[in-house]
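Commentary on secondary and tertiary structure
Take a look at the letters that make up each chain.
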Amino acid sequence: STEKPVTPTVSPEQVLHQVFGYETFRPLQGDIVHELVDGGNALVLMPTGGGKSLCYQIPAMVRPGTGIVISPLIALMQDQVAALNQLGVRAAFLNSSMAPEQAWQTENTLLRGELDLLYCAPERLLQPRMLELLESASLSLFAIDEAHCVSQWGHDFRSDYLGLSMLAERFPAIPRIALTATADERTRKEIAERLSLTQARHFISGFDRPNIQYRIAPKTNANTQLLDFIREEHAGDSGIVYCLSRNKVDATARLLQQKGYNALPYHAGLAAGERAENQERFLREDGVIVVATIAFGMGIDKPDVRFVAHLDLPKSLEAYYQETGRAGRDGNPSTAWMVYGLQDVIKLRQMLEASQGNDHFKRVERQKMDAMLGLCEITSCRRQALLRYFGDVLEKPCGNCDTCLTPPETWDGTEAVRKALSCVYRTGQRFGVNYVIDVLRGADNDRIRQAGHQAISTWGIGTELSATQWKSVFRQLVANGYLRADPEGYGALVLTEQCRSVLRGEATLELRKDPERKASRRTSRPG
Ligand code: ADP
Ligand code: ZN
């Protein structure tokens with residue numbers, strides 16, 4: 001059939017979810033996409049791996065007509081088209097290496113309006129015949145990838161790219177987007193001039209948000225930790241507290257209200273009117289704390305949000321970055337604060353395994369979650385790690401994250417880890433973390449006796465650590481992929497392949513030492 005799989009009324013966010021399977025736009029992606037969908041032009045400077053492709057792919061699919069992508073790298077072109085076809089996107093390419101019949105077929109598909117995206121090498125695009133063809137086709141946009149190739153100042157000048165300056169005159173009504181990962185100011189200026197993008201919006205990232213202080217702490221008592229954090233650092237400030245479930249949103253909002261804060265819940269289960277009103281009050285009034293599920297924040301632009309707190313772990317670094325990024329848009333000091341614990345890790349892993357979606361989808365999600373957990377357990381600068389994930393390099397540790405401010409101590413956990421893994425193995429990989437810790441610490445109770453586990457070799461071999469310390473060990477083992485929580489076994493811990501080297505005694509493991517829990521809860525500020 002010649003039906004477009006995506007109708008013109010579909011939104012960019014829908015395409016993002018349904019076609020690409022991503023939860024949220026990355027930094028700047030959403031703004032760029034909307035600019036183009038609205039018919040504007042754009043110059044985009046984003047690090048490699050930052051996600052430039054979606055910036056033109058999605059508008060090309062949302063707008064009527066075909067998006068023409070100009071790329072100098074034939075091999076990359078073919079890969080991209082193959083990947084898009086896999087997702088069901090109608091994409092094709094034209095380059096000088098293909099057989100005439102094949103090219104002719106693709107041209108006809110274009111003229112029939114049956115393509116979302118057509119990738120084209122610059123020398124091919126500039127052939128007079130090709131330009132005539134484009135004039136009779138319906139086009140949604142021109143995307144000029146590797147746009148620094150147009151600049152003689154840049155490091156990769158290609159004379160073919162110079163010809164692209166005529167696109168603006170010959171196709172004035174078609175939006176243009178130029179993208180590059182490498183452009184100093186001089187190069188950028190030259191790109192803008194040659195491609196007639198001086199009047200266009202320029203989107204430049206660097207993903208660093210230096211005024212946001214990143215902090216991630218092990219969860220001991222989440223409510224107490226949250227109350228302490230707000231009271232000690234952000235009393236009277238506007239902030240957002242993210243929770244995973246609606247129930248937890250309601251309970252947390254109530255808790256904050258009881259403590260005298262102006263806190264409002266926000267989730268999809270509230271009546272539309274209440275939701276709108278709470279959002280409105282957050283925007284208008286000072287010092288409102290919104291407690292929300294991730295549904296909150298899309299399109300909210302409040303400059304003076306002083307803190308974003310996570311009581312549950314986001315699913316990916318994209319989500320973490322986007323949610324924490326709602327803090328401090330005015331550039332003033334702000335805090336991204338999170339607590340997380342073993343149960344969060346287990347819950348997220350279980351939700352993922354139980355979710356719909358094919359193996360490929362789950363593998364990708366698992367990797368994203370591992371990256372998130374990696375950030376939680378890291379002992380070096382969090383900002384460097386976060387930016388590295390987005391392809392952005394920060395030369396030195398930032399000095400404004402918890403691991404920079406108070407470098408976590410580490411300890412040689414090799415022996416403890418071996419004990420922990422052996423105990424999981426000896427108890428048959430059928431028990432949750434609390435049970436395994438009981439066995440390690442030599443507890444004597446009915447459940448252990450019934451299973452005969454007071455008689456196994458790992459019973460009582462772990463008395464040197466407290467239950468809390470063991471929990472920290474297990475959390476890090478799950479977070480780092482040595483153990484996983486069996487989704488069908490109610491959170492029973494299971495060994496993974498990765499354990500082998502440790503069990504064989506070949507690997508040593510440095511573990512993070514969790515900060516001591518405060519001895520007692522202070523009810524008022526000292527002094
Ligand atoms: P660039 O062209 O800037 O080097 P890509 O467009 O190739 O980057 O994207 C880099 C990676 O990031 C790809 O694996 C892509 O699937 C992933 N990615 C891009 N946007 C998102 C998003 N919004 N959410 C999750 N992953 C994304
Ligand atoms: Zn740092």
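Residues numbered from 1 in each chain as written. Chains lettered and ligands numbered in written order. Predicted model: local features only at pLDDT ≥ 70, side-chain atom pairs only at ≥ 80, totals over all residues. Heavy atoms only, no water.

**With respect to the overall build of the protein chain**
In plain terms, the rule: Helix and strand assignments follow DSSP, with helices taken as H or I runs no shorter than four residues and strands as E runs no shorter than two, numbered in order from the N terminus. Any two residues having at least one pair of non-hydrogen atoms within 4.5 Å are treated as being in contact.
Each helix and strand in the protein chain was counted, giving 23 helices and 17 strands. A sequence separation of at least 24 residues applies to 72% of the contacts in the protein chain between residues at least 6 apart.

**Quick word on the site of ligand 1**
Worth spelling out the cut-off: For this purpose, a residue is taken to be near a molecule or strand whenever a single non-hydrogen atom of the residue falls within 4 Å of it. Nitrogen and oxygen atoms within 3.5 Å of one another constitute a polar contact, given that in protein one can donate a hydrogen and the other can accept it, and given that sequence-neighbouring residues count only through two side-chain atoms. Throughout this entry, Asp, Glu, Lys and Arg are counted as charged residues, while Ala, Val, Leu, Ile, Met, Phe, Trp, Tyr, Cys and Pro are counted as nonpolar. The remaining residues, Gly among them, count as polar.
With respect to spatial proximity, 15 residues lie near ligand 1, and among them Tyr 22, Thr 24, Gly 49, Lys 52 and Ser 53 are the closest. The separation between an oxygen atom of ligand 1 and a polar side-chain atom of Ser 53 is 2.6 Å. Of the residues assigned to the shell around ligand 1, the class counts are four nonpolar, seven polar and four charged.

**Focus: the coordination of the zinc ion (ligand 2)**
This is how it is decided: Metal sites are built from N, O and S donor atoms within 2.8 Å, or 3.2 Å for Na, K and Ca, and they leave out water, so they may look incomplete. Square planar and octahedral sites, with four and six donors, are those where opposite donors lie more than 155 degrees apart and all other angles lie between 65 and 115, tetrahedral sites have four donors with every angle between 85 and 135 degrees, and the rest are irregular.
Surrounding the zinc ion (ligand 2) are the protein donor atoms Cys 381 (SG), Cys 398 (SG), Cys 401 (SG) and Cys 404 (SG), at 2.3 to 2.4 Å. Metal-centred angles of 102 to 119° between the four donor atoms at the zinc ion (ligand 2) mark the site as tetrahedral. Site description for the zinc ion (ligand 2): donor spacing in sequence, C-x16-C-x2-C-x2-C.

**As for unusual backbone geometry**
Its identity as a non-glycine residue notwithstanding, Ser 196 has a phi of 50°, on the positive side. If you trace the backbone, Ser 196 turns up in the loop between α10 (185-194) and β7 (201-204). The backbone phi angle of Gln 429 is positive, close to 55°, even though this residue is not glycine. Tracing the sequence through the fold places Gln 429 in the loop between α19 (414-426) and α20 (433-440).

**Considerations on helix α17 (residues 382-389)**
Structural remark: α-helix, 3.6 residues per turn; residues separated by three or four positions point the same way. Formally: The buried label applies to any residue whose accessible area, calculated with a 1.4 Å probe on protein chains only, is under 20% of its type's maximum; exposed applies above 50%, and partly exposed to all values in between.
Counted residue by residue, α17 has six buried out of eight residues, so it is predominantly covered. Within α17, the full set of buried residues consists of Arg 382, Arg 383, Gln 384, Ala 385, Leu 386 and Leu 387. The elements touched by buried residues of α17 are β8 (212-218), α14 (317-324), α16 (359-377), α18 (402-405) and β17 (510-512). One or two residues past the end of α17 sits Gly 391, with phi positive at roughly 80°.

**Quick look at the nonpolar core**
Across soluble globular proteins, you tend to see nonpolar side chains buried next to one another. Which entries qualify depends on this criterion: As used in this record, nonpolar core signifies buried Ala, Val, Leu, Ile, Met, Phe, Trp, Tyr and Cys residues forming a set joined through side-chain atoms within 4.5 Å.
Counting 140 residues, the largest nonpolar core has Leu 134, Ile 177 and Phe 474 as its most contacted members. Among residues more than four places away in sequence, those in contact with Leu 134 are Ile 68, Leu 110, Leu 125, Leu 139, Phe 142 and Phe 171. Membership of the second largest hydrophobic core comes to 20 residues, among which are Leu 255, Val 291, Phe 307 and Val 339.

**As for the packing of aromatic side chains**
For any pair of aromatic rings, the description rests on two quantities: the centre-to-centre distance and the angle between the ring planes. Short version of the rule: Here the aromatic set is Phe, Tyr and Trp, taking the six-membered ring for Trp, and pairing holds for ring centres within 6.5 Å; pairs whose planes are under 30 degrees apart are stacked, those over 60 apart are edge-to-face, and all others are tilted. By the criterion adopted, a ring carries a charge over it if an Arg CZ or a Lys NZ lies within 6 Å of its centre and within 35 degrees of its normal.
According to the stated counting rule, one finds six aromatic pairs in the structure shown. Taken together, the aromatic side chains of Phe 229, Phe 307 and Trp 337 make up a single cluster linked through ring pairs. It is Lys 302 that lies over the ring of Phe 282; its NZ or CZ is 5.4 Å from the centre.

**Structural notes on the side chain of Arg 209**
As a reminder of what qualifies: Charge assignment in this entry is limited to Lys and Arg as positive and Asp and Glu as negative, and neither His nor the chain termini are counted. In the sections that follow, a salt bridge refers to a side-chain nitrogen of Lys or Arg positioned within 4 Å of a carboxyl oxygen of Asp or Glu.
Along the polypeptide, Arg 209 turns up in the loop between β7 and β8. Put simply, Arg 209 is tucked away with no salt bridge, and the nearest opposite charge, on Asp 330, sits 7.0 Å away. The contact partners of Arg 209, leaving out residues within four places of it in the chain, are Tyr 214, Tyr 321, Gly 325, Ala 327, Gly 328, Arg 329 and Arg 383.

**So, the pattern of salt bridges**
Evaluation of the coordinates by the stated rule reveals 30 salt bridges. In this structure, the salt-bridge partner of Arg 26 is Glu 318, at a minimum N-O distance of 2.5 Å. Of the two residues, Arg 26 is situated in the loop between α1 (12-18) and α2 (29-37) and Glu 318 in helix α14; the sequence distance between them amounts to 292 residues. Residue Glu 318 is classed as buried on the basis of its relative accessible area of 6%. In this structure, Arg 231 and Glu 232 form a salt bridge, with 3.6 Å as the shortest nitrogen-oxygen distance. According to the relative accessible area criterion, Glu 232 is partly exposed, its value standing at 26%. Through salt bridges that share partners, Arg 26, Glu 318 and Lys 368 make up one connected network.

**Section: the environment of Ser 422**
Tracing the chain through its elements places Ser 422 in helix α19. It is 9.4 Å that separates the C-alpha atoms of Ser 422 and Leu 495, two residues lying 73 residues apart in sequence. Here Ser 422 is in contact with Thr 458 and Leu 503, once residues within four sequence places are set aside.

**A look at the sheet that holds strand β4 (residues 117-120)**
The pairing of strands in a sheet comes from backbone hydrogen bonds and takes either a parallel or an antiparallel form. The cut-off we apply is this: For two strands to count as paired, DSSP must find a minimum of two bridges between them. Throughout, an axis means a line fitted to C-alpha atoms (over the contacting stretch in the case of helices), and angles, computed between N-to-C directions, take values from 0 to 180 degrees.
If you trace the seven strands from one edge of the open sheet to the other, you get β3-β4-β2-β5-β6-β1-β7, paired in parallel fashion. Two strands in the sheet have a free side with no partner beyond their single neighbour: β3 (91-94) and β7. Going from strand to strand, the sheet's axes swing by 20° on average, the running direction of each strand aside. In the sheet, strand β2 (residues 66-70) pairs with strand β5 (residues 139-144) via five bridges, with the strands oriented parallel. Note that in β5 the partner of Thr 66 across the bridge is Leu 139. Against the sheet, α2 engages β1 (42-45), β6 (176-180) and β7, with an angle of about 160° to β7.

**Details of the confidence of the model for the protein chain**
What counts, and what does not: For every residue, the predictor reports its confidence as pLDDT, a number between 0 and 100.
Averaged over every residue, the pLDDT of the protein chain is 89; the share at 70 or more is 94%. Low pLDDT, under 50, characterises residues 1-7; the predicted model gives this stretch 15 contacts beyond four residues in sequence or across chains. Within the model, the stretch residues 519-527 combines pLDDT values under 50 with eight contacts to residues more than four positions away or in other chains. ipTM for the predicted complex: 0.97, alongside a pTM of 0.69.

**Things to note about the side chain of Thr 324**
For Thr 324, the location among the structural elements is in helix α14. Here Thr 324 is in contact with Ile 212, Tyr 214, Val 308, His 310 and Ala 336, once residues within four sequence places are set aside.

**Points about the environment of Asp 514**
Mapping Asp 514 onto the fold places it in the segment after β17. Using a relative accessible area of 21% as the deciding quantity, one classes Asp 514 as partly exposed. Separated by 104 residues in the primary sequence, Asp 514 and Thr 410 have C-alpha atoms spaced 8.7 Å apart. Apart from the residues lying within four places of it in its own chain, the contact partners of Asp 514 are Pro 218, Ser 472, Arg 475 and Gln 476. Engagement of the side chain of Asp 514 in a polar contact is seen with the side chain of Ser 472, the distance being 3.1 Å.

**Structural notes on the packing of α20 against helix α22 (residues 467-479)**
Put simply, the test is: An angle below 35 degrees is read as roughly parallel, one above 145 as roughly antiparallel, one from 65 to 115 as roughly perpendicular, and any other as oblique. Each crossing gets its handedness from the near helix: less than a right angle anticlockwise from the far helix is left-handed, clockwise is right-handed.
Running from N to C, α20 and α22 point in directions that differ by 125°, and their axes come no closer than 10 Å. What the angle tells us is that α20 and α22 run oblique. Between α20 and α22 lies a crossing whose hand is right-handed. In contact with Val 433, Asn 434, Val 436, Ile 437 and Leu 440 of α20, α22 contributes Ala 467, Trp 470, Lys 471 and Phe 474. For the contact of α20 with α22, the residue count by class is seven nonpolar, one polar and one charged.

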